[in-house]
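Take a look at the letters that make up each chain.
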Amino acid sequence: ALSTLALLASCCAWTFLLYIPYALYMSSFSFANGDEPGEFSESIFIVLVVGSQIGLFVVSSMGAKFAQFQSEDETQKTYTIFYNAALILNLVMDIALQTFLSYRQMVGVGAHVSDGRLLGSLTSFQEIFESYPIQKSVGKLLYVYCWPCTFLVPFMAEPFVAWLLPYFTAQTLVGANKKIRGENAVKAFELGEMEQGRYADIIFNVILVVCIPFISPAYMAWTFGAMIVSHVYIYLFDQVKTLRYVVKFNFSGPEVHWLGMQLWAIPCGILAGALVFKANQMSADPHKLGSGFLQGEQLWYSIAAAFALHFVVHQCVLEFVVKPFSSDPGIVDDKAVTYEGAAKLNPATHFS
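Conventions adopted
Residues numbered from 1 in each chain as written. Predicted model: local features only at pLDDT ≥ 70, side-chain atom pairs only at ≥ 80, totals over all residues. Heavy atoms only, no water. Helix = DSSP H or I, 4+ residues; strand = E, 2+ residues; numbered from the N terminus. Expected span 1.5 Å × (residues − 1). Buried < 20%, exposed > 50% of the residue type's maximum accessible area, 1.4 Å probe, protein only. pLDDT = per-residue confidence, 0-100. Contact = heavy atoms within 4.5 Å. Salt bridge = Lys/Arg side-chain N within 4 Å of Asp/Glu carboxyl O.

Colleague: Sorry, what's going on with helix α9 (residues 220-244) here?
Modeller: Since the α-helix advances by 3.6 residues per turn, residues separated by three or four positions end up pointing in the same direction. End to end, α9 covers 36 Å across 25 residues, agreeing with the expected 36 Å (1.5 Å per residue, within 8%). Buried within α9 we find T223, A226, M227, S230, H231, I234, F237, D238, K241 and T242.

Here it is in structure tokens:
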């Protein structure tokens, strides 16, 4: 409970101390006659997104360890839930604010929609969100949020923060203090443990990508391409890290992997909601915004229902179909079992 409260307090502190001042600064521009923020503002946005992700990572990790679970797997499960929940909340706040700022910008420059009306004259949220100026602007913002804020910068910085910085810090300490010798010096240079927090990173990346179908498809290829490039790098990075740059592993079971499969229902559910949204757009008059079969609250309730339905079906399939067919074939009660013998029973290891 204390860890959850600490995480919520961190999100609130980040919002009120950093993001709201940034929003007020962006709102000070009229977005008319060239009065709009420049590239420096986009750089601030990137720093805010990356900084918030790093901060939430630290708070989630500390909260999970503070809970003092009996097994490392339980700690990693809690971290994955904390980190994903905080990142999703962060994403909702960021995109909501950026959508509002985009709307102000489009209204300020006198943008028109497809039927010739001014964007500022639209009164329905559905019409505003489905209008091309907003779709294009939010698509660009979401793409920037994905690349480089989430897909690139944190993973490129990881080897420097996780390996090089501790190495040079230990080198400086050992070189400056002659009392650090022998076993203590070896421990100072010791590498970190292999953790399972990558599940949280990958799931959030996929959640970001499946938000793209809700907006203009112009950025879909770019966003998916950026995710593919990023995940190829992550795979190669983790391969090297696993074999060369961790001191030990501490996995007692497949609980974190199972949690990852359960959380995978979130991006799949978002895709189900996007399917409802796009199908409703296809049923509309192409010359009239917000004229689909579902309008207003009906549309948003239908999207939420599609998400909830898939989430329930996803969990039921995992529980009643996947789990019965994925039980352990048997555990050999022999402490002297070799790696070769264990691999025959469970060939899917981290090395293969």
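Colleague: For this particular structure, what's the right way to read the confidence of the model for the protein?
Modeller: It should be kept in mind that the predicted coordinates are not to be read in detail where pLDDT is low. For the protein, per-residue confidence averages 85 on the pLDDT scale, and 92% of positions sit at 70 or higher. Within the protein, the lowest mean pLDDT, 74, falls on helix α13 (residues 339-345), and the highest, 95, falls on helix α11 (residues 265-282).

Colleague: Even after reading the chapter, I still don't get unusual backbone geometry, so can you show me in this structure?
Modeller: Only a minority of non-glycine residues have a phi that is not negative, and only a minority of peptide bonds are not trans. A cis geometry characterises the amide bond from W147 onward to P148, with omega recorded as 15°. Residue placement: P148 occurs in helix α5 (residues 132-150). Even without being a glycine, Q68 presents a positive backbone phi close to 55°. With respect to the helices and strands, Q68 occurs in the loop between α2 (39-66) and α3 (72-108). The class of Q68 is exposed, set by a relative accessible area of 67%.

Colleague: Teacher, can you tell me more about the side chain of N84 here?
Modeller: Among the secondary structure elements, N84 is positioned in helix α3. With a relative accessible area of 5%, N84 lands in the buried category. The residues touching N84, leaving out its near neighbours within four places in the chain, are A200, I203, F204 and L263.

Colleague: It is not clear to me how the environment of W300 should be interpreted in this structure. Could you clarify?
Modeller: As for its placement among the helices and strands, W300 is situated in helix α12 (residues 297-325). Along the chain, W300 and M194 lie 106 residues apart, while their C-alpha atoms are 42 Å from each other.

Colleague: Looking at this structure, I do not really get the environment of F189. What am I missing?
Modeller: Secondary-structure assignment places F189 in the loop between α7 (183-188) and β1 (193-194). Judged by its relative accessible area of 31%, F189 is partly exposed. For the pair formed by F189 and T169, sequence separation is 20 residues and the distance between their alpha carbons is 9.0 Å. Other than its neighbours up to four places away in sequence, F189 contacts Y167, A170, Q171 and V174.

Colleague: I would appreciate a short explanation of the pattern of salt bridges in the present structure.
Modeller: Opposite charge on two side chains lets them pair, provided their charged atoms get close. Taken as a whole and judged by the stated rule, the model has 10 salt bridges. R198 serves as the salt-bridge partner of E158, at 3.2 Å between the closest nitrogen and oxygen. In this pair, E158 is assigned in helix α6 (residues 153-176) and R198 in helix α8 (residues 198-210), connecting sequence segments 40 residues apart. Here the two residues E158 and R198 agree in accessibility, since each one is buried. Across the salt bridge formed by K187 and E183, the nearest N and O atoms sit 3.6 Å from each other. Here the residue K187 and the residue E183 both occupy positions in helix α7, the gap between them amounting to four residues, near one helical turn. Since its relative accessible area comes to 58%, E183 is described here as exposed. Each member of the salt-bridge network shares a partner with another, and the members are E158, R198, D201, D238 and K241.

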